[in-house]
Amino acid sequence: MPSGVGFSNGHAWKQQRRLAQVTLAKLGVGKRIMEDKIEDEAQQLVEIFASKKGKPFDPTLIITNSVSNVTHALMFGHRWSLEDLHFNKLVKAIEYTMHFGVSIFYVLYELFPSLMERLPGLHKKALEATEILLSLSKEEIQKHKEQEPTLEPRVFIDYYLLEMGKDKNKNDPTSAVDEENLAHTIHDIFFAGLESTSTVLKWGVLILANRPDVQDKNHQGDRRCFGFRFYLL
Ligand code: HEM
C-alpha cells in the first residue's frame with residue numbers, strides 16, 4: 001500500500017494531503033513570513049553568485065542547495081551547507097530517481113513490479129535512492145520524537161507528531177496518520193518541491209544569461225521581467 005501524499009490514494013491520500021496543507025499553512029506557506037525566508041535564502045544565493053566575480057561556474061548544486069534549504073527548514077528546522085554529507089547523498093539519490101523516472105525501467109517496473117523486483121537494473125538503484133531519502137526523514141523524525149514534549153511545535157514533523165498523538169487518530173484503525181506516512185510525506189514534499197523549483201530556477205538562469213537586455217531591465221527594478229511566485233500544493 002503506497003504511503004505519503006504523492007503516490008497514495010483514497011482515504012490515506014486525502015488525510016495526508018489535508019494534514020500537509022493545514023500544517024504548511026501554519027508554518028507560513030503562502031504568507032509574508034515564508035516570502036521573507038525565501039528572500040533570505042535567495043540573498044545568500046546571490047552572494048555566492050557574486051563571489052564568482054563573473055567567472056564561469058556550474059550553478060546546479062548551489063541552486064539545489066538553496067531550494068532544498070527552504071523546504072528543509074520547514075520540515076526539519078535547519079539548513080544544510082553545500083558540503084554537508086547528507087545533502088550530497090540526497091542530491092545523488094534524487095539524480096538517480098529522476099534518471100530512473102525517464103527510463104524504460106520505470107515503465108517496466110510499473111507494468112511488472114513483482115517480476116522487476118527479481119531483475120537487476122536502474123529500478124534497483126532508484127529504490128535504494130528512495131530508501132536513502134526515507135531514512136534521512138526517519139532519522140529526523142526520531143530526533144523530534146526525543147525532544148522535550150512541552151516544547152511548542154516548530155516544524156512540519158512536530159505538528160504531524162502532535163496530530164498522530166491525538167485520540168481521533170490513535171483510536172481510529174482506518175487512520176493513516178502514522179510515522180510511515182510522515183516519512184513518506186516528507187520525502188514526497190521534498191522531492192516534488194526540490195526538483196520542480198530548482199529546474200525552473202536553472203532555466204531562469206540560463207534564459208537570463210542569454211538575455212542581457214532582460215537582466216538590465218531587471219536590475220533597473222522592473223520586476224515584471226523576472227518575477228517568480230511559488231504556488232505550493
Ligand atoms: C515550479 C514549481 C512547481 C511545479 C511546476 C510543480 C508542479 C506540480 C504538478 C504538475 C503536480 C501534479 C498535480 C496533480 O497531480 O494534480 C504537483 C504535485 C505536487 N507538488 Fe508540485 N510543483 C512545484 C513546486 C512544488 C513545491 C515547492 C512543493 C513543496 C514544497 C511541491 C509539492 C508537491 C506535492 C507534495 C505534490 C503531490 C500532491 C498530491 O498528489 O496531492 N511542488 N506539482
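Here the structure is a predicted model, which means the values were calculated and not measured. (Residues numbered from 1 in each chain as written. Predicted model: local features only at pLDDT ≥ 70, side-chain atom pairs only at ≥ 80, totals over all residues.)

Colleague: Can you help me understand the packing of helix α1 (residues 10–26) against helix α8 (residues 156–164) in this one?
Modeller: In helix packing, the relevant descriptors are the interaxial angle and the interaxial distance, both defined with respect to the helix axes. Close contact between α1 and α8 brings their axes to 10 Å; oriented N to C, the two are set at 130°. In terms of their interaxial angle, α1 and α8 are classed as oblique. In this structure, α1 crosses over α8, and the sense of that crossing is right-handed. Where α1 approaches α8, its residues Leu19, Thr23 and Lys26 are matched on the opposing element by Phe156, Tyr159, Tyr160 and Glu163. For the contact of α1 with α8, the per-class residue count stands at four nonpolar, one polar and two charged. (Axes fitted to C-alpha atoms, helices over the stretch in contact; angles between N-to-C directions. Helix = DSSP H or I, 4+ residues; strand = E, 2+ residues; numbered from the N terminus. Parallel < 35°, antiparallel > 145°, perpendicular 65-115°, else oblique. Left-handed = near helix turned anticlockwise from the far one by under 90°. Contact = placed C-beta atoms within 7 Å. Nonpolar A, V, L, I, M, F, W, Y, C, P; charged D, E, K, R; others polar.)

Colleague: Looking at this structure, how should I read the nonpolar core?
Modeller: A general tendency of soluble globular proteins is for nonpolar side chains to be buried together. In terms of nonpolar packing, the biggest core is built from 34 residues, with Met75, Leu90, Leu133, Phe156, Ile157, Ile186 and Phe190 touching the most fellow members. Contributing elements (two or more residues each) for this core: α1, α3 (60–75), α4 (85–101), α5 (104–111), α7 (122–145), α8 and α10 (179–210). Considering each element in turn, this core owes the most residues, six residues, to α10. Phenylalanine 156 has contacts with Thr23, Leu27, Leu74, Met75 and Ile186, leaving out every residue within four places of it along the chain. (Core = buried A, V, L, I, M, F, W, Y, C linked by C-beta atoms within 7 Å. Buried ≥ 20, exposed ≤ 12 C-beta atoms within 10 Å, placed from the backbone.)

Colleague: Looking at this structure, I do not really get unusual backbone geometry. What am I missing?
Modeller: For lysine 53, which is not glycine, the phi torsion reads 50° and is therefore positive. Following the sequence through the fold, lysine 53 ends up in the loop between α2 (32–51) and α3.

Colleague: Help me understand the packing of α2 against α3, please; the structure alone is not making it clear to me.
Modeller: Axis separation between α2 and α3 bottoms out at 10 Å; the angle between their running directions is 160°. With respect to α3, the axis of α2 lies roughly antiparallel. For the pair α2 and α3, the sense of crossing is right-handed. The residues of α3 that touch α2, namely those facing Lys37, Ile38, Glu41, Gln44, Leu45 and Ile48, are Ile62, Ile63, Ser66, Asn69, Val70 and Ala73. Within the contact of α2 with α3, the residues separate by chemical class into seven nonpolar, three polar and two charged.

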